[in-house]
Amino acid sequence: MTAADQELHFADAGEAADLAAFLARLIHYDRAAAVRLQAGGGVLAVFGRPPSFEVLAIRTARLEAIIGTDTTTATTAGAAGALDTTVSAGELGDALDTARAGRTADGHEVRDRGLVVTVPKAVTGPPWAGVLPPRGGWRRVSGLPGVDEVHGAVAAAVAEFRARDAELPEERRTRAERDRIGHEIWSRTLGDTGLPLRAVHAAQSLGFLRPVRAAAPAATSAGAGGGVATATPGPTAEPLALLAAGGWLRLRTPYGSIAVRTSGLSGLSVTPA
């Protein structure tokens, strides 16, 4: 059975809606964006790479089951390797929108009820999809500033870029010069953490740094991506955490994670494409 012959049974329609919003933001930066899907431990992990930031973005959602569309085959969502495929972000977003539209046709959508979505057909994965963060072995890194300080660092960097861009003489106002300025600014690290500012900028741009809404207790992914993100943020969810494992740094928020490589392939846990 191929991935396109499978249906994802989401445990919470609200999480599916948040996933659709995440996909829309990825498509904003790359209309041809692809995402890698991995399921395990009752959680679907969706990996994407917005090209403007040079980071991996991860969003998760809880699953009840993965079922063959012919209804003859069912896989528990908790099974290891229940799903591993790369698909078009746009097609997955369309499938989510179609499923949600079907639920709201009668005007009685209930946010915390489940949702059934057909997995799009697989596509040839981009190179990044073959090298994902390790599933386990993450350790906490100290020195991460508070939420207000993180927002302030991004705002200051954006203001600096705009100011330096405005100061450019007309003959130097080129894409190459602007890229150079942006690379210089966003390659700086956040405090003493070693986390590049582009990772924090990506988290803000993808909606991962918004205030935590009141909700049911959080569910953290364990099987798909080694607890890379939180499926449903609760009122006591930890605002931010910085973790490290095998040549990667990961900024974890209640709405998703941003991962960046800090070294070459040596020592990494590479997930097969």
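Please read these numbers as outputs of a predicted model, since none were measured by experiment.

(A) Here's a closer look at the nonpolar core. F10, L44 and L96 are the most contacted members of the largest nonpolar core, which has 59 residues in total. Examining the composition of this core, we find that 7 residues originate from one element, helix α1 (residues 13-29), more than from any other. L132, W138, L243 and A245 belong to the second largest nonpolar core, which has 13 residues in total.

(B) Up close: the environment of F161. When you line up the elements, F161 lands in helix α3 (residues 147-167). Residue classification places F161 among the partly exposed residues on the basis of a relative accessible area of 25%. Along the sequence, F161 and G182 sit 21 residues apart, while their C-alpha atoms lie 6.7 Å from each other. In contact with F161, other than residues within four places in its own chain, are R178, I181, G182 and I185.

(C) Main features of the packing of α3 against helix α5 (residues 197-205). With their axes 10 Å apart at the nearest point, α3 and α5 run at an angle of 100° to one another. When the axes of α3 and α5 are compared, the pair comes out roughly perpendicular. Between α3, through V150, H151, A153, V154, A157 and V158, and α5, the contact on the second element is made entirely by L197, V200, H201 and Q204. Residue composition of the contact of α3 with α5, by class: 7 nonpolar, 3 polar and no charged.

(D) Structural detail: the pattern of salt bridges. A complete count under the given rule lists 16 salt bridges for this structure. Where R164 meets E160, a salt bridge forms, and the shortest distance between an N and an O atom there is 3.2 Å. In this pair, R164 and E160 both sit in helix α3, 4 residues apart, roughly one turn of the helix. E184 is the salt-bridge partner of R164, the closest N and O atoms lying 3.0 Å from each other.

(E) Up close: α1. In this model α1 runs 25 Å from its N-terminal to its C-terminal C-alpha over 17 residues, within 8% of the 24 Å that 1.5 Å per residue would give. Listed as buried for α1 are A13, G14, E15, A16, A17, D18, L19, A20, F22, L23 and L26. For α1, the capping residue at the N-terminal end is D12, with a side-chain oxygen 2.6 Å from the backbone nitrogen of G14.

(F) A look at the side chain of E177. Inspection of the secondary structure assignment puts E177 in helix α4 (residues 175-186). If we skip the residues at most four places from it in the chain, E177 touches L168 and R172.

(G) Structural view of unusual backbone geometry. Not every positive phi belongs to a glycine, and E54 is a case in point at roughly 60°. For E54, a relative accessible area of 43% puts it in the partly exposed group.

Cut-offs and rules
As a convention, each chain's residues are numbered from 1 in the sequence order in which they are written. Only residues with pLDDT of at least 70 get local features here, since the model is predicted, and only at 80 or more are side-chain atom pairs given and counted; chain-wide, interface and lining totals rely on the full set of residues. To get the side-chain values, take all heavy atoms of the structure and skip hydrogens and water. Residues belong to one nonpolar core when they are buried, are Ala, Val, Leu, Ile, Met, Phe, Trp, Tyr or Cys, and are joined through side-chain atoms within 4.5 Å. Burial status follows relative accessibility: with a 1.4 Å probe on protein chains alone, a residue under 20% of its type maximum counts as buried, one over 50% as exposed, and anything between as partly exposed. Think of it this way: any DSSP run of H or I at least four residues long counts as a helix, any run of E at least two long counts as a strand, and we number them from the N terminus. Contact criterion: two residues are considered in contact whenever any of their non-hydrogen atoms come within 4.5 Å of each other. In this description, a line fitted to the C-alpha atoms serves as the axis of each element, helices being fitted only across the stretch in contact, and the angle between N-to-C directions of two axes falls anywhere from 0 to 180 degrees. In this scheme, roughly parallel covers angles under 35 degrees and roughly antiparallel covers those over 145, while 65 to 115 is roughly perpendicular and the rest are oblique. Residue polarity follows a fixed list, in which Ala, Val, Leu, Ile, Met, Phe, Trp, Tyr, Cys and Pro are nonpolar, Asp, Glu, Lys and Arg are charged, and the others, Gly among them, are polar. Salt bridges are defined by distance alone: a side-chain nitrogen of Lys or Arg within 4 Å of a carboxyl oxygen of Asp or Glu. Expected helix span is given by 1.5 Å per residue-to-residue step, counting one fewer step than there are residues. By the criterion applied in these results, polar contacts are pairs of N or O atoms within 3.5 Å in which, for protein atoms, one can donate a hydrogen and the other can accept it, and in which residues neighboring in sequence qualify only through two side-chain atoms.

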